[in-house]
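Summary of the model geometry
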Amino acid sequence: MRTVFLIVLVATSFLATAQSNSFPFGQVTYRELDMKTYDKDTSAVAVVLREEGDAHIEDSDPNYLIYHYHVKIKVLKKAGQELADFVIRLGKGEGIRKEAMRSVTASSFNIENGTMKETKLNPKDQFTENANKFADYRKFAVPNVRVGSVIEVEYTLESPFRFTFRTWEFQSDIPKISSFYRATIPGNYKYNISLRGYLKLTENKSKIERDCFRPGGESADCLVMDFLMKDVPAFKEEEYMTARTNFLSAVYFELSELQQFDGQKTKYTKEWKDVEEDMRKEADFGVQLRRGEDIVDQNVKQIIAGETDELAKARKIYDFIKGWYRWNKIYGFVSDLGIKKAFDAKTGNVGDINLSLVAALKYAGLNADPILLSTRGNGLVNELFPVISEFDYVAVYLAIKDKVYLLDATDPYLSFGLLPERCLNGKGRVLGEKQSFWYDLKPSDKDRKVSIFNLKLSPEGLLTGTVQVTHFGYSAFDERKSLADEGDEKKYLSGQYPTVTLAQQRIENLDDLKKPLNIKFEAETELFDQATADNFLFNPFFMDQWKKNPFKSLERSYPVDFGAPLEETMVVILEYPEAYEIAEIPAKVGLVLPDAGGRYMYTVQNVGHTLTINSSFTINKTVFTSLEYHYLRELYDRVVAVQKTDLVFKKKT
């Protein structure tokens, strides 16, 4: 959930300052030290007692963006002691431009011998780590922290990147009693401000502060915005959710327009037609596409020689590019090495590989364009206005006749038209030669598995039989990757089915991605000891059972996102000894989600001494809202319960 609103303040100045509203350091109370649990979340390992931040631009030259942060944390359980370790990102830009720490004050407070003791951070016990070309990290650990401690930290950062206003996250992995943020915005700035998440602000106030900033003899008014959220619950990640930034309660600032001293205006939030033009001229994007056709031309000409069918051409080119490159595991929507260097080296980032694929398809006369997207771990992009920095990936949009294929050549186990699940996230932006448009990133196939067990139980209690497991779509992709990562097929299958002894394992279509992946083997396990078995139990799901419901929370504020539809089918045919009979045939189970969202069917039939069990689980929708969550959770509960239920056999009398 994201609320976007525009802040506009017209004035004659450049930037503004504000006084910190932070509470005094060191005013820890005995009541806070005596606190044992947090009533609103008794499972919390710690709780933020108070948190305040302030961002403004200082008067002096250079006009640094100043960010002041102050927090007080109560440690409630042993796991909360980890919060004593602080890692603060310091961004870096071109040349010597980088963020710096101006000051740090940190202490722990404890009760010792009936009195309060403060242990201060020694300035020598902090250091800066050079992580990469984009960031350094300032690290320190607050000393003498244990269960019951109160941690207090206050620091100030200065940043030359004053156009990038500080994001404030109200929510974190632990609950907060109070979280306050003050942002002082200069009068000649326009910001798109987005409030994300499902929690509501307790207070949201703004005021005009007159004549608040005087750089170089100038004078300006400022807009001062106060954001307050109280009783903030901890953010808890669950299964089947996209990036936490999509749902974490926070306020973001995106610079839209800046009015200079001389009256000139610079627009930072552009229209897509402007972004399209910029990307076509971009040395690492549009220029690479044009050069790429010359680089791959000889290879493509040879590959498609004599081929007239467009789809066949596309498949051959896709297989060539996918087989040529080795992905270096780095994302990006632009070429990192440049297509020529990447092609010669046979390795590159996502941009190198997929832009090469676009270039190769275009050389063959096919209608292919790059599609920019944001991966599931990166978050959803803003569709209201273009923010190019929100994208972190590029795939290929290919249109042949009346059908569209989305391609990604980074992984050797991806089949033609199968976009990896990491890319199934909202919409992507197709950058065509003349126009751009949004396109839904929908899965082209299901995550589907079919398991068939033909089993026979001997009078001595030995269960033997054949098993065939067939994987389709995303299930086949995942299984092929897992097999490749393990390297040893027999070892992998033994790990997948640890409850039985395997023999004569066979894997079919491992390299033929056009076909489903078939896994066949013979299985053997001892079900009971004949010497004492007047009755025995048999669980049809003994080789592949759901142990628990992935949806633990009673409530969920954000959607469940499966990425791709799911389908899991199991058929068990069991021939058992004539001396036994099944005590009771379970009733049929038929569960259906509203709006055809999914279903579960389970039946057990007995004819003579042969039992046939059918289990079919289907999720048709990929996204379920928080209002639909209860139905989905209940469905999973029922499936887990069915799969844990044993069938009872007894000796005939």
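Rules behind the numbers
- Residues numbered from 1 in each chain as written.
- Predicted model: local features only at pLDDT ≥ 70, side-chain atom pairs only at ≥ 80, totals over all residues.
- Heavy atoms only, no water.
- Helix = DSSP H or I, 4+ residues; strand = E, 2+ residues; numbered from the N terminus.
- Buried < 20%, exposed > 50% of the residue type's maximum accessible area, 1.4 Å probe, protein only.
- Contact = heavy atoms within 4.5 Å.
- Expected span 1.5 Å × (residues − 1).
- Polar contact = N/O pair within 3.5 Å; in protein donor to acceptor, adjacent residues only side chain to side chain.
- Phe/Tyr/Trp six-rings, centres within 6.5 Å; stacked < 30°, edge-to-face > 60°.
- Lys NZ or Arg CZ within 6 Å of the ring centre and 35° of its normal.
- Pairing = 2+ DSSP bridges.
- Axes fitted to C-alpha atoms, helices over the stretch in contact; angles between N-to-C directions.
- Salt bridge = Lys/Arg side-chain N within 4 Å of Asp/Glu carboxyl O.
- Core = buried A, V, L, I, M, F, W, Y, C linked by side-chain atoms within 4.5 Å.
- Parallel < 35°, antiparallel > 145°, perpendicular 65-115°, else oblique.
- Nonpolar A, V, L, I, M, F, W, Y, C, P; charged D, E, K, R; others polar.

Secondary structure summary: the protein contains 9 helices and 36 strands in total. Viewed in the frame of its principal axes, the protein has a C-alpha envelope of about 100 × 80 × 45 Å. Looking at the protein residue by residue over its 653 residues, the buried ones come to 51%. In the protein, the share of contacts with a sequence separation of at least 24, taken over all contacts with a separation of at least 6, comes to 72%.

The subject of this paragraph is helix α6 (residues 350-363). Here α6 spans 20 Å end to end across 14 residues, near enough to the 20 Å set by a 1.5 Å rise per residue. A side-chain oxygen of the first residue of α6 lies 3.2 Å from the backbone nitrogen of Gly351; this N-cap is Asn349. Within two residues after α6, Gly365 carries a phi angle of roughly 85 degrees, on the positive side.

In this section: the packing of aromatic side chains. Taken as a whole and judged by the stated rule, the model has 42 aromatic pairs. On the numbers, 4.9 Å between centres and 80 degrees between planes, the contact of Trp546 with Phe617 is edge-to-face. On the criterion of sequence distance, the pair formed by Trp546 in the loop between β28 (535-538) and β29 (560-561) and Phe617 in strand β34 (residues 610-619) is long-range, its members being 71 residues apart. One aromatic cluster in this structure is built from Tyr67, Tyr69, Tyr155, Phe165, Trp168, Tyr181, Tyr191, Phe227 and Phe253. If you follow Arg448 out to its NZ or CZ, it ends over the ring of Phe472, 4.2 Å from the centre. Here the basic side chain of Lys621 rests over the ring of Phe624, its NZ or CZ set 5.0 Å away from the ring centre.

Moving on, we come to the sheet that holds strand β11 (residues 176-186). The strand order β6-β5-β9-β3-β2-β11-β14-β13 describes an open sheet built from 8 strands, whose pairing is mixed. The open sheet is flanked by β6 (115-120) and β13 (203-213), the only strands paired with a single partner. For this sheet, the mean angle separating the axes of adjacent strands, direction not counted, is 15 degrees. With 10 bridges joining them, β11 and strand β14 (residues 220-232) adopt antiparallel strand pairing.

Along the polypeptide, Asn549 turns up in the loop between β28 and β29. The class of Asn549 is buried, set by a relative accessible area of 10%. A polar side-chain atom of Asn549 sits 2.8 Å from the main-chain amide nitrogen of Phe551. A distance of 3.1 Å separates the side chain of Asn549 from the backbone oxygen of Arg633, its partner in a polar contact. Not counting residues up to four positions away in its chain, the partners in contact with Asn549 are Arg633, Tyr636, Asp637 and Val640.

An ideal rise of 1.5 Å per residue puts 20 Å on 14 residues; helix α7 (residues 473-486) measures up with 20 Å between its terminal C-alpha atoms. For α7, the full list of buried residues reads Gly473, Tyr474, Ser475, Ala476, Phe477, Glu479, Arg480 and Leu483. Positive phi appears at Gly487, one or two residues downstream of α7, with a value of about 85 degrees.

Read across the sheet, 3 strands follow the order β4-β8-β7 without closing on themselves; strand pairing throughout is antiparallel. Across the chains shown, the open sheet's two edge strands, defined by having one partner strand only, are β4 (85-91) and β7 (126-130). Between one strand axis and the next, the sheet turns through 25 degrees on average, direction left out of account.

Now for the pattern of salt bridges. This model, assessed by the stated rule, comprises 39 salt bridges. Between Arg280 and Glu277 there is a salt bridge; the shortest N-O distance is 3.6 Å. Of this pair, Arg280 and Glu277 both sit in helix α2 (residues 272-281), 3 residues apart, which is roughly one turn of the helix. On the basis of relative accessible area, Glu277 is assigned to the partly exposed category, the value being 35%. It is possible to trace a salt-bridge network through shared partners that takes in Glu276, Glu277, Arg280 and Lys281.

Our focus in this paragraph is the side chain of Glu32. Inspection of the secondary structure puts Glu32 in helix α1 (residues 30-34). Apart from the residues within four sequence positions on either side, Glu32 is in contact with Gln27, Leu49, Lys72, Lys74 and Val150.

What follows is about the environment of Lys77. Looking at where Lys77 falls in the secondary structure, it is placed in the loop between β3 (65-75) and β4. You can call Lys77 partly exposed: its relative accessible area is 35%. Residues in contact with Lys77, not counting those within four places in the same chain, are Thr42, Ser43, Ala44, Val45 and Val147. Here Ser43 takes part through its backbone oxygen, which lies 3.5 Å from a polar atom of the side chain of Lys77.

All right, on to the nonpolar core then. Among the nonpolar cores identified, the biggest contains 58 residues, and Ile317, Ile321, Leu357, Leu361, Leu398 and Leu407 are the most heavily contacted of them. Considering each element in turn, this core owes the most residues, 8 residues, to strand β20 (residues 393-400). The contact partners of Leu398, leaving out residues within four places of it in the chain, are Ala314, Leu361, Leu366, Asn367, Ala368, Lys403, Val404, Tyr405, Leu407 and Phe416. Membership of the second largest hydrophobic core comes to 55 residues, among which are Ala476, Ala533, Leu611 and Leu635.

What follows deals with the pairing of β3. Summarising burial for β3: 11 of the 11 residues are buried, a large majority. Side-chain alternation along β3 places Leu65, Tyr67, Tyr69, Val71, Ile73 and Val75 on one buried face and Ile66, His68, His70, Lys72 and Lys74 on a second face that is also buried. Summarising the sheet, strand β2 (residues 46-57) and β3 pair through 11 bridges and their orientation is antiparallel. In the strand pairing of β3, Val48 is matched with Ile73. Across 10 bridges, β3 lies against strand β9 (residues 150-159) in antiparallel orientation. By the bridge assignment for β9, His68 is matched with Thr156.

Moving on, we get to the packing of α2 against helix α3 (residues 286-303). Where α2 contacts α3, the axes come no closer than 4 Å and their chain directions differ by 45 degrees. The angle between α2 and α3 places the two elements in the oblique class. Contacts between α2 and α3 involve Met279, Arg280 and Lys281 from the former and Gly286, Val287 and Arg290 from the latter. Each residue belonging to the contact of α2 with α3 can be placed in one class, and the counts come to 2 nonpolar, 1 polar and 3 charged.

The next thing to look at is unusual backbone geometry. In this model, Lys401 sits at a positive phi of 55 degrees, which is unusual for a non-glycine residue. By the secondary structure assignment, Lys401 is in the loop between β20 and β21 (403-407). When its relative accessible area of 78% is taken as the criterion, Lys401 is described as exposed. Backbone geometry places Asn509, a non-glycine residue, at a positive phi of 65 degrees. Among the secondary structure elements, Asn509 is positioned in the loop between β26 (501-508) and β27 (517-526). Exposure remark for Asn509: the relative accessible area of 22% places this residue in the partly exposed category.

We now examine the pairing of strand β33 (residues 598-607). Two faces belong to every sheet, and in a regular strand the side chains alternate between them. The sheet contact formed by strand β32 (residues 589-592) and β33 spans 4 bridges and is antiparallel. Considered in β33, the bridge of Val589 is made with Tyr602. The antiparallel hairpin formed by β32 and β33 contains 5 residues in its connecting segment, where Asp595 sits at a positive phi of about 55 degrees. Direction of pairing for β33 relative to β34: antiparallel, over a ladder of 10 bridges. Counterpart to Gln605 in the pairing with β34 is Thr612. The turn linking β33 back onto β34 is made up of 2 residues, and Gly608 within it adopts a positive phi angle of 65 degrees.

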